[in-house]
Amino acid sequence: MKRQLTFWFAMALGTAAALAQAPQRNWNEPFPAHRIMDNLYFVGTVPLGTFLVTTPAGHILINSDFESTVPVIRDSVESLGFDFEDIEIVLGSHAHGDHMQADALVKEMTGAEVMAMAEDVPALRRMRPGGKEHPIDRVLEDGEEVTLGGTTLTAHRTPGHTRGCTSWGLEVEEEGRVYNALIVCSFGVNANYVLVDNPDYPEIVEDYERTFAMARELPVDVFLGSHGFWYGLDEKYEQLQDRSPGDPNPFVDRAGFLAHVDLQERNFRAMLAAQQAE
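Residues numbered from 1 in each chain as written. Predicted model: local features only at pLDDT ≥ 70, side-chain atom pairs only at ≥ 80, totals over all residues. Heavy atoms only, no water.

Engineer: Go over the overall build of the protein chain with me, naming the residues and quoting the values.
Structural biologist: For the protein chain, the helix and strand inventory stands at 8 helices and 12 strands. Since a compact globule built from 278 residues should have a radius of gyration of about 19 Å, the 18 Å found for the protein chain is in line with a globular shape. With the C-alpha coordinates of the protein chain rotated into their principal frame, the extents come out at 55 × 50 × 35 Å. Put simply, the protein chain has 278 residues, and 55% of those count as buried. Taking the contacts inside the protein chain whose residues are at least 6 apart along the sequence as the reference set, 64% of them involve residues at least 24 apart. With the model as given, the accessible surface of the protein chain reaches about 12,200 Å², and the carbon-plus-sulfur share is 49%. Counting 21 positive and 43 negative side-chain charges, the protein chain places the centres of these two groups 6 Å from one another. (Helix = DSSP H or I, 4+ residues; strand = E, 2+ residues; numbered from the N terminus. Rg over C-alpha atoms; globule rule 2.2 N^0.38 Å. Buried < 20%, exposed > 50% of the residue type's maximum accessible area, 1.4 Å probe, protein only. Contact = heavy atoms within 4.5 Å. Areas by Shrake-Rupley, 256 points an atom, 1.4 Å probe, with all protein chains shown as cover. Lys, Arg positive; Asp, Glu negative; His and termini not counted. Charge placed at Lys NZ, Arg CZ, Asp CG, Glu CD.)

Structure follows, in structure tokens:
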């Protein structure tokens, strides 16, 4: 049993260490902007998942990323034939700099409303790149809907990674069929996370366990996330380019989503067991 726990803890640390080393990579390495399905597009970078939902009334950006990433996002949006200035709403996955640091900058550039889950507001208020205040025009609650131009997104609070970690769900249509898409916030534990007797986040274990149970009940067909490698961005994009009429959309992958949930829960439980043993 001890050997098994050591194995799973090593796996958890390996995953977390890979993320910890990510800043040494080029966060802003461009990835081809592309249509995923319907009015849902990828406009992020190789490591960062950023998404654009287009509507006749303007657009919704999910994850502004770092301020230095914004020019890449803008180029991606415009390469698809849309105007960056038409972004009306900015949403985010969670209060970490690689996903929401540039909210204030994007608001300055577009005049968009910035919305965030209530439980992440304190952390976002402390996020002040260049001394700028973090704008929050609307505070959201779990299950609340954001609607623009006939498209509705649902904010699913999936806490643990942060208190207000938000996975965004929306319906998309292709060839007469409606699919449920989910942009996963994060179900993972980082190497520096304290799961046992955490004075800053005493309910962290209960939140993670709630999230894993909730995730498996969500009606997810199209699996996406705030980091592309979670959902196999590279491979699925290549499959999308080679797709023939009538072929299934590679981003429809409920099995991949469930496998991702399983992996992240195993990593979480290995880290929890190791910390409890200490």
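Alright, that's what it looks like, and here's the rest.
Engineer: For unusual backbone geometry, give the residues involved together with the corresponding values.
Structural biologist: The backbone phi angle of asparagine 63 is positive, close to 85 degrees, even though this residue is not glycine. Tracing the chain through its elements places asparagine 63 in the loop between strand 4 (58-62) and helix 2 (70-79). Judged by its relative accessible area of 0%, asparagine 63 is buried. In this structure, glutamate 175 is a non-glycine residue whose phi angle is positive, near 50 degrees. Taking relative accessible area as the criterion, glutamate 175 reaches 66% and is therefore assigned exposed.

Engineer: Provide a residue-level description of the pattern of salt bridges, including the pertinent values.
Structural biologist: The full count for this structure, using the stated rule, is 15 salt bridges. Residues glutamate 203 and arginine 163 are paired through a salt bridge, measuring 3.1 Å at the closest nitrogen-oxygen approach. Of this pair, glutamate 203 sits in the loop between strand 11 (177-184) and helix 6 (204-217) while arginine 163 is found in the loop between strand 9 (151-157) and strand 10 (166-174), placing the two residues 40 residues apart along the sequence. Measuring nitrogen to oxygen at the nearest pair gives 2.7 Å for the salt bridge that ties lysine 236 to aspartate 253. Here aspartate 253 lies in the loop between helix 7 (233-241) and helix 8 (254-277) and lysine 236 lies in helix 7, a separation of 17 residues in the sequence. On the accessibility criterion, lysine 236 (8% relative accessible area) is buried. Overlapping salt bridges, with partners in common, bring together Glu209, Arg216, Asp262, Glu265 and Arg269 in one network. (Salt bridge = Lys/Arg side-chain N within 4 Å of Asp/Glu carboxyl O.)

Engineer: Tell me about the sheet that holds strand 9, residues and numbers included.
Structural biologist: With respect to topology, 5 strands assemble into an open sheet ordered 8-9-10-11-12, the strand pairing being mixed. Either end of the sheet is taken by a strand with one partner, and the two such strands are strand 8 (145-148) and strand 12 (222-225). Going from strand to strand, the sheet's axes swing by 25 degrees on average, the running direction of each strand aside. Pairing of strand 11 with strand 12 involves 4 bridges; the strand directions are parallel. Bridging from a neighbouring strand, valine 184 pairs with glycine 225 of strand 12. (Pairing = 2+ DSSP bridges. Axes fitted to C-alpha atoms, helices over the stretch in contact; angles between N-to-C directions.)

Fair warning: the whole summary comes from geometry, so function is off the table for now.
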